[in-house]
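Here is what each chain is made of, one letter per residue.
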Amino acid sequence: MKTILAWHFVGDTLRNGQPVPKDGVWLYYDGPLPLIMCERGLHASEHPLDALRYATGPILCRVKIGGAIVRIASHKDKLVATRRLILRRMDTTTLCRIFARRCAIDVIDKWNAPPVVRQYLETGDESLRAAARAAARAAARAAARDAARAAAWDAALAAARDAARDAAWDAARDAAWDAAWEKYRGWFLAMVNEAFGVTQ
């Protein structure tokens, strides 16, 4: 039987309220067929950052999926199958916080971050988290006020913009986003692999 190694996040229970199986115990989907992505079957993702998008809790499981396996082009970030086995699990709360801070530090030059925000992001000192959150919210409100003032001017300029230039800008922005996303996927995968002792 073909199996695929993947990742799956769980909380205290499965999404349907059933208990999370013990490591090494196959969970079988016994509902109606065919399998339908997001509706019927047991889901998992081949990349842990994709699995994080669907997390119902902080416990990341290294899983093996098998039986009937369905992939569809519109959902490249997950698979659905009739069998899933947890090989190992780990609470990734701390790992996810470290990852989030690392991503935030990567783009901190894009805004005028208050010193306490930078200090929290660089150190992870939990005693600074509330102050950093308050400072970031205040900075965001100030930026929103500035953006609202600029919006009228931007609207006037938008009518005068050249469509080709807009298309080029959109393509450049999309390419930059794709490059950043791939970088962050690499970071998260490396962090998870190290935490789980995966050497691939």
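### Some thoughts on the nonpolar core
Val 63 and Ile 65 are the most contacted members of the largest nonpolar core, which totals 18 residues. Looking at this core, the elements that each hand over two or more residues are strand S1 (3-10), strand S3 (42-44), strand S4 (59-70) and strand S5 (79-91). Ranked by the residues each element gives to this core, the list is headed by S5, at four residues. In contact with Ile 65, other than residues within four places in its own chain, are Lys 2, Thr 3, Ile 4, Trp 26, Ala 44, Leu 79, Ala 81, Arg 83 and Arg 84.

### Some points on the pairing of S1
Taken across its eight residues, S1 has six buried, putting it largely inside the fold. As judged from the eight bridges shared by S1 and S4, these two strands associate in the antiparallel manner. Following the sheet pairing, His 8 is matched in S4 by Cys 61.

### A short note on the environment of Arg 89
By secondary structure assignment, the location of Arg 89 is in strand S5. Taking relative accessible area as the criterion, Arg 89 reaches 29% and is therefore assigned partly exposed. Along the backbone, Arg 89 and Leu 60 are 29 residues apart, and their C-alpha atoms lie at a distance of 5.5 Å. There is a polar contact of 2.6 Å between the side chain of Arg 89 and the backbone oxygen of Pro 21. There is a polar contact of 2.6 Å between the side chain of Arg 89 and the side chain of Asp 23.

### Some thoughts on the pairing of S5
By the bridge criterion, three bridges tie strand S2 (residues 26-28) to S5 in an arrangement that is antiparallel. Bridge assignment links Tyr 28 to a residue of S5, and that residue is Arg 83. For S3 and S5, the ladder comprises three bridges, and the chain directions are antiparallel. Its bridge partner lying in S5, Ala 44 is registered against Leu 79. By the bridge criterion, ten bridges tie S4 to S5 in an arrangement that is antiparallel. Residue Cys 61 lies in a different strand from S5, and its bridge partner there is Arg 89.

Calculation notes
- Residue positions are given per chain, counted from 1 along the sequence in the order it is written.
- Side-chain atom pairs in this predicted model are given and counted only at pLDDT of 80 or more, local residue features only at pLDDT of at least 70, and totals for whole chains, interfaces and linings cover all residues.
- The basis for every side-chain value is the complete set of non-hydrogen atoms in the structure, without hydrogens or water.
- Throughout, nonpolar core names a set of buried Ala, Val, Leu, Ile, Met, Phe, Trp, Tyr and Cys residues whose side chains join them through atoms within 4.5 Å.
- Three exposure classes are used, based on accessible area relative to the maximum for each residue type with a 1.4 Å probe and protein chains only: buried under 20%, partly exposed in between, and exposed over 50%.
- Per the convention used, a helix needs a DSSP run of H or I reaching at least four residues, while a strand needs a run of E reaching at least two, with both numbered from the N terminus.
- Residue contacts are defined here by distance: any two heavy atoms, one from each residue, within 4.5 Å place the two residues in contact.
- Here, strands pair whenever DSSP counts at least two bridges between them.
- A 3.5 Å cut-off defines polar contacts: any pair of N or O atoms within that distance qualifies, except that in protein one atom must be a possible hydrogen donor and the other a possible acceptor, and neighbouring residues in sequence count only when both atoms are side-chain atoms.

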